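Read off the chains here:
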Amino acid sequence: MKLIVKTEGELLKYLEENLDMPKKRIKQYLTHGSIYVNNNRTTKYNYKLVPGMNITIDTDSKNKKTLPFEVLFEDDHIIVVNKPSGLLTIATEKEKDRTLYHIVREYLVSKDKTARVFIVHRLDKDTSGIVVLAKDEKTKNQLQENWNEYVSLREYVAVVHGQLKNKEDRIVQNLGETKTNLVYVAKKGEGKEAITNYKVIKENEDYSLVSVLLETGRKNQIRVCFQSLKHPIVGDKKYGIKDNGARLYLHANRLKMYYPVIKKDILFETANPQEFKKIMN
């Protein structure tokens, strides 16, 4: 099924207004990565449309055993995926179905009706990158209970505003959290210690591409760290400045962990998102 966009708008609303199809079904096609705009697959409800764009809906793909994002590793005990930006890891009161957990569960159940899936760790909704999910409760418990000991490398890549004075640094801070869930840099002796290492990879007049290694895993740690350095992450609506960032420019690109099933360390890696490459050119 194909459409040519005639008016500006957001993808989901445009399809609702121009297709004789229930809203729930349109959402299912989006969730399963069955909709393409100018031949680029998208799962974003609010994808911006302009006149002349081509929309293609693959009406058969919802029944295929595929995921709308990259699978980095899969065996009988875990599945490791590259979560896109804008997708919740687990459900909230406002969003039950369009989550990483729900999409991966449907994929596994389509291959095995008895399949189960468990979240091992999370990424913020707007952060993209590596997420590990377990296929059985024993593996989930092993990984969760020993996560800090098992994980030896947590690397992110981010695009921040401006040029950092120190091109490489180790930032030690204490982080607290308000009643409204806003994380902030606390006074010494308060909050929880957060240690962030960064190194500038590339910079231009407006932005810096940085590699970030975590020694601790605190909530919103990287976002608050760069906010405190007065170089907030591009597209950060919670801790940043008003900009035209199409997304939060933060991506979990490398994760090394001990995998108890094979009794060895295993390294998962992803490429930097295309948006990061474009903004740095």
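About the criteria used
Residues numbered from 1 in each chain as written. Predicted model: local features only at pLDDT ≥ 70, side-chain atom pairs only at ≥ 80, totals over all residues. Heavy atoms only, no water. Salt bridge = Lys/Arg side-chain N within 4 Å of Asp/Glu carboxyl O. Helix = DSSP H or I, 4+ residues; strand = E, 2+ residues; numbered from the N terminus. Buried < 20%, exposed > 50% of the residue type's maximum accessible area, 1.4 Å probe, protein only. Phe/Tyr/Trp six-rings, centres within 6.5 Å; stacked < 30°, edge-to-face > 60°. Pairing = 2+ DSSP bridges. Contact = heavy atoms within 4.5 Å. Axes fitted to C-alpha atoms, helices over the stretch in contact; angles between N-to-C directions.

Caption draft 1: Seen up close, the pattern of salt bridges. Taken as a whole, this structure holds 13 salt bridges when the rule is applied. A salt bridge links K111 to E74; the nearest nitrogen and oxygen atoms lie 3.3 Å apart. With K111 in helix α3 (residues 100–111) and E74 in strand β7 (residues 71–74), this residue pair connects regions lying 37 residues apart in the sequence. Exposure remark for K111: the relative accessible area of 42% places this residue in the partly exposed category. For E74, a relative accessible area of 28% gives the class partly exposed. Measuring nitrogen to oxygen at the nearest pair gives 3.9 Å for the salt bridge that ties E275 to R247. Of the two residues, E275 sits in helix α7 (residues 274–280) while R247 sits in the loop between α6 (221–228) and β16 (250–259), which places them 28 residues apart along the sequence. Assessed through its relative accessible area of 27%, E275 is described here as partly exposed. Relative accessible area serves as the criterion here: at 7%, R247 is assigned to the buried category. Bridged by salt links that share partners, the residues E74, K111 and K135 form one connected network.

Caption draft 2: Seen up close, the packing of aromatic side chains. What the rule picks out here adds up to 5 aromatic pairs. Members of the aromatic cluster, connected to one another through ring pairs, are F73, Y259 and F268.

Caption draft 3: Representation of the sheet that holds strand β3 (residues 35–37) within the structure. The strand order across the open sheet formed by 4 strands is β1-β6-β3-β4, and the pairing between neighbours is antiparallel. Taken across any chain shown, the strands that pair with only one partner, and hence form the sheet edges, are β1 (2–4) and β4 (40–41). The pairing of β3 with strand β6 (residues 54–57) spans 3 bridges and is antiparallel. In the sheet register, Y36 faces β6, and the bridge partner there is T56. Contacting β1, β3 and β6, helix α1 (residues 11–18) crosses the sheet at an angle of about 75° to β6.

Caption draft 4: Spatial organisation of the pairing of strand β15 (residues 207–214). A large share of β15 lies buried, amounting to 7 of its 8 residues. Relative to β15, strand β11 (residues 151–161) is paired through 7 bridges, and the arrangement is antiparallel. From the neighbouring strand, A158 faces β15, where its bridge partner is V210. Examined bridge by bridge, strand β14 (residues 192–203) and β15 share 7 bridges and lie antiparallel to one another.

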